[in-house]
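# Structural overview for review
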Amino acid sequence: MEKILVLDFGGQYNQLIARRVRENGVYAEIKPYNKISVSQIEAEGYKGVIFTGGPNSVYDESSPHFDKEILNCSIPILGICYGAQLMAYMAGGEIASANDISEYGKTKIYYEKSKLTSNIPGTSICFMSHTDYIKSVPHGFKVIAKTDNCPTAAMCNEEKSLYAVQFHPEVTHTEYGKEILKNFLFEICRCSGDWKMDEFIEKAVAEYKQTLKGKRVLLALSGGVDSSVCAVLLNKAIGENLTCIFVDHGLLRKDEGDFVEKTFGKQFGLNLIRVNAQERFLSKLKGVTEPEQKRKIIGEEFIRTFEDEAKKIGKIDVLAQGTIYPDIIESGLGDSATIKSHHNVGGLPDVISFEQIVEPLRYLFKDEVRIVGEKLNIPKELVWRQPFPGPGLAVRIIGEITKDKLETLREADSIFREELKKADESANQYFAVLTDTRSVGVMGDARTYGVTVALRAVTTDDFMTAQWSRLSFEVLEKASSRITNEVSGVSRVVYDITSKPPATVEWE
Ligand code: XMP
């Protein structure tokens with residue numbers, strides 16, 4: 001399979017670069033600059049290498065550098081931002097630092113003709129974010145783009161297939177960024193673009209048919225996107241040899257447990273065991289109010305419940321997990337040398353023995369997992385569902401969890417989600433929270449003293465930071481009115497207008 005290496009120097013857009021490459025049908029892998037050598041790069045047969053950005057200056061002693069030999073091994077390279085400066089530095093150019101040259105944001109750029117810039121207009125807008133710049137290009141290189149401030153916005157040595165851009169072609173603010181990446185992939189690296197999700201499914205199914213033949217495979221199905229796609233994919237390959245355990249901890253949203261059971265048990269005919277463990281979880285959570293303690297109890301109890309159920313099944317050969325690519329990417333600058341096995345709710349079971357772990361989605365980004373999910377005919381509402389935390393509604397009820405509070409929250413949350421959907425308003429995540437504040441109200445002629453429900457909706461790309469969503473007053477009004485009318489015991493509804501930071505998305 002043809003592939004591109006994204007050599008990670010610690011930039012914030014590294015995953016985005018890999019995704020952009022893959023959107024063109026070319027498989028891309030991210031590797032930290034200090035975990036791969038030039039000979040390994042050659043041996044792996046990469047069609048091209050992209051040096052990423054990074055926060056450093058090439059002259060800093062601690063800045064990440066790479067073996068110069070890479071420039072001589074006839075693999076095309078594209079350097080981006082820090083990666084561009086590093087290429088210039090490695091090839092003998094001069095890098096300078098000057099605050100009056102520093103550029104941030106959308107910037108007008110003037111291109112010259114080259115393979116990298118072919119078929120794009122001479123003048124357009126690019127996205128810049130730098131203080132250092134390439135003052136003089138190395139011998140054998142020529143400048144192929146400038147801005148009003150930056151003398152080398154792009155450069156190349158066409159003979160050696162070395163290209164560098166100071167700006168970020170991977171972000172949408174760069175007007176012809178897509179074309180530049182396409183030119184690199186198809187004109188310069190001569191890729192064919194054969195990485196397609198249909199083929200991914202076919203290959204994975206064929207592979208697991210072979211390698212898992214006659215083996216019993218166990219999967220924890222949560223109803224989230226990753227484990228769902230993993231389950232349907234493996235079911236296609238090995239059918240009833242796959243057993244899925246769905247632990248319903250009783251902290252799911254309204255009707256969610258039944259929906260998962262209906263979809264996977266009935267529609268897809270999966271070998272599914274639903275464990276109704278609400279009582280078990282509630283008894284462990286009795287009297288617990290501290291958020292971290294709630295999370296720990298739920299994580300631990302989840303594994304124990306899973307183990308108890310798995311032990312009933314008998315011998316298991318393989319444990320399958322819905323790990324995806326962002327879970328396993330190591331940071332180029334961090335010292336996390338080991339790749340962690342990821343589990344949403346707290347670790348691997350330790351009393352069930354199994355010989356092998358399979359992670360069919362370990363090379364896919366979330367959006368690719370969703371495409372696979374759609375191609376496997378998993379219902380849209382599941383494939384595109386908003387994130388839902390492993391500890392479920394427990395982190396959306398302030399204070400002790402009780403059956404009654406869960407019931408109140410489920411109803412309020414369902415109304416809010418329904419109204420938002422009806423109004424066709426968008427937010428990346430939205431839900432209700434049951435606070436522990438009671439307040440006085442009036443209903444008919446009577447005084448009430450009910451609980452306060454908070455509504456939360458956020459708009460975000462990555463959930464690391466998030467804005468509170470500017471929902472319309474109409475939708476908030478409708479949700480508030482329905483919740484106070486239809487959910488007994490609620491006398492007040494408030495809307496959370498805190499972004500992240502300083503708040504987190506979840507209340508606990
Ligand atoms: P916070 O609250 O940290 O949430 O701003 C960021 C995103 O992560 C989700 N979240 C979780 N997801 N297990 C999960 O799988 C968890 O324990 C967990 N806690 C928060 C949250 O819903 C939001 O999308």
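Now for a quick tour of the structure.

With that settled, the discussion passes to the sheet that holds strand β14 (residues 272–276). Paired through their backbone hydrogen bonds, the strands of a sheet run either parallel or antiparallel. Pairing in this open sheet of five strands is parallel, and the strands run β14-β13-β12-β15-β16 from one edge to the other. The open sheet terminates on both sides in strands that have one partner only, identified here as β14 and β16 (356–358). In this sheet, neighbouring strand axes are inclined to one another by 25 degrees on average, regardless of whether the strands run parallel or antiparallel. Here strand β13 (residues 242–248) pairs with β14 via five bridges, running parallel. When the bridges of β14 are listed, Phe246 appears paired with Arg274. Against the sheet, helix α7 (residues 256–267) touches β13 and β14, its axis set at about 165 degrees to β14.

When the terminal C-alpha atoms of helix α5 (residues 197–211) are compared, their 21 Å separation across 15 residues agrees well with the 21 Å that a helix rising 1.5 Å per residue should span. Within the span of α5, buried status applies to Met197, Phe200, Ile201, Ala204, Val205 and Tyr208. Each buried residue of α5 lies within a common arc of 125 degrees when the element is viewed along its axis, so the set occupies one face. Residues of α5 that are exposed and angled more than 90 degrees away from the buried face: Glu202, Lys203 and Gln210.

Let's shift gears to the sheet that holds strand β1 (residues 3–8). Spatially, β2-β1-β3-β4-β11-β10-β9-β6-β7 is the arrangement adopted by the nine strands of the open sheet, whose pairing is mixed. In the strand order of this sheet, the two ends are held by β2 (27–32) and β7 (123–130), each with one partner. Strand-to-strand twist of the sheet, defined as the mean angle between neighbouring strand axes without regard to direction, takes the value 25 degrees. Sheet topology places strand β3 (residues 48–51) next to strand β4 (residues 77–80); three bridges connect them, and they run parallel. Among the inter-strand pairings, Phe51 is bridged to a residue of β4, identified as Gly79. Helix α4 (residues 177–188) contacts β1, β3, β4, β6 (103–111) and β11 (162–165) of the sheet and is inclined by roughly 165 degrees relative to β4.

Cis geometry is adopted by the peptide bond preceding Pro501, which originates at Lys500 and carries an omega value of -15 degrees. With respect to the element layout, Pro501 can be found in the segment after β20 (490–495). Cis rather than trans, the peptide bond between Pro501 and Pro502 has omega equal to 10 degrees. Mapped onto the secondary structure, Pro502 falls in the segment after β20. Notably, Asp255 is not glycine yet its phi reads approximately 65 degrees, a positive angle. Along the chain, Asp255 falls in the loop between β13 and α7. Under the relative-accessibility criterion, Asp255 is labelled exposed at 52%. Even without being a glycine, Asp424 presents a positive backbone phi close to 55 degrees.

Thresholds, definitions, all that
- Residues numbered from 1 in each chain as written.
- Predicted model: local features only at pLDDT ≥ 70, side-chain atom pairs only at ≥ 80, totals over all residues.
- Heavy atoms only, no water.
- Pairing = 2+ DSSP bridges.
- Helix = DSSP H or I, 4+ residues; strand = E, 2+ residues; numbered from the N terminus.
- Axes fitted to C-alpha atoms, helices over the stretch in contact; angles between N-to-C directions.
- Contact = heavy atoms within 4.5 Å.
- Expected span 1.5 Å × (residues − 1).
- Buried < 20%, exposed > 50% of the residue type's maximum accessible area, 1.4 Å probe, protein only.
- Arc of directions from axis to C-beta.

Honestly, it's all geometry; don't read function into it.
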